[in-house]
Amino acid sequence: QVQLVESGGGLVQPGGSLRLSCAASGYIFSAYHVDWYRQPPGKQREFVAGITHGGSTNYADSVKGRFTISRDDAKSTVYLQMNSLKPEDTAVYYCHILRLGTDYWGQGTRVTVSS
């Protein structure tokens, strides 16, 4: 079965960096688009970044120029490099795929940006 496992979250000061990882299994990783979403405290889940199977990327306006999504098909892993972090980036971050009409989500990894 499809499994997505996020890691790399934690507490970081404003202006700092973190790299999140999403390790996938149970399907042909290289064939699918992968997204990162986040859910800030008390708010709706929102799109952060996406990467196609061919490596094309897109980003939410709020993270453009600060976050970079990438993938390593040999490791079945997608990364989210987050730089210049702001308190408003505080959220639980999830990776997501849509496969054969079904949405799959990981369990999330918490990122807290605070001094």
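Values in this document were obtained by computation on a predicted structure and should not be read as measured data.

(A) Local environment of the environment of glutamine 39. Tracing the chain through its elements places glutamine 39 in strand β4 (residues 34–39). For the pair formed by glutamine 39 and glycine 16, sequence separation is 23 residues and the distance between their alpha carbons is 20 Å. With residues near it in sequence (within four places) discarded, glutamine 39 still touches Gln44, Arg45, Ala91, Val92 and Tyr94. Here lysine 43 takes part through its backbone oxygen, which lies 3.1 Å from a polar atom of the side chain of glutamine 39.

(B) Region of interest: the environment of alanine 31. Residue position: alanine 31 is located in the loop between β3 (18–25) and β4. It is 9.8 Å that separates the C-alpha atoms of alanine 31 and arginine 99, two residues lying 68 residues apart in sequence.

(C) Structural view of the packing of aromatic side chains. For the coordinates displayed, the defined rule picks out five aromatic pairs. For the ring pair tyrosine 27 and phenylalanine 29, a centre distance of 6.3 Å and an interplane angle of 50° mean the geometry is tilted. For tyrosine 27, a relative accessible area of 12% translates into the label buried. By way of ring pairs, the aromatic residues Tyr37, Phe47, Tyr94 and Trp105 are connected into one cluster.

(D) Expanded view of the sheet that holds strand β7 (residues 67–72). As summarised here, the arrangement of the four strands in space is β1-β3-β8-β7, forming an open sheet in which the pairing is antiparallel. In this open sheet, the two strands that pair with only one neighbour each are β1 (3–7) and β7. This sheet shows a mean twist of 15° between the axes of neighbouring strands, independent of strand direction. Judged from the six bridges that link them, β7 and strand β8 (residues 77–82) form a sheet pairing that is antiparallel.

What counts and what doesn't
Residue indices follow the written sequence of each chain, beginning from 1 at its first position. Given that this is a predicted model, residues contribute local features only at a pLDDT of at least 70 and side-chain atom pairs are listed and counted only at 80 or more, while totals for whole chains, interfaces and linings are drawn from all residues. Excluded from the side-chain calculations are hydrogens and water; all other atoms, namely the structure's heavy atoms, are used. In this description a helix means any DSSP run of H or I spanning at least four residues, a strand means any run of E spanning at least two, and both kinds are numbered starting from the N terminus. In this analysis, two residues are considered to be in contact whenever any of their non-hydrogen atoms come within 4.5 Å of each other. Whenever a nitrogen or oxygen atom comes within 3.5 Å of another N or O atom, the pair is scored as a polar contact, on the condition that within protein one atom can donate a hydrogen and the other can accept it, and that pairs from neighbouring residues in sequence are kept only if both atoms are in side chains. Centres within 6.5 Å make a pair out of two Phe, Tyr or Trp rings, where for Trp the six-membered ring is used; the pair is then stacked when the planes are under 30 degrees apart, edge-to-face when over 60, and tilted otherwise. Think of it in three bands: residues with accessible area under 20% of the maximum for their type are buried, residues over 50% are exposed, and the middle band is partly exposed, with areas taken using a 1.4 Å probe on protein chains only. At least two DSSP bridges between two strands are needed for those strands to be called paired. Here the axes come from fitting lines to C-alpha atoms, over the contacting stretch only for helices, and the angles between their N-to-C directions go from 0 to 180 degrees.

By themselves, these are just geometric observations and shouldn't be taken as functional.
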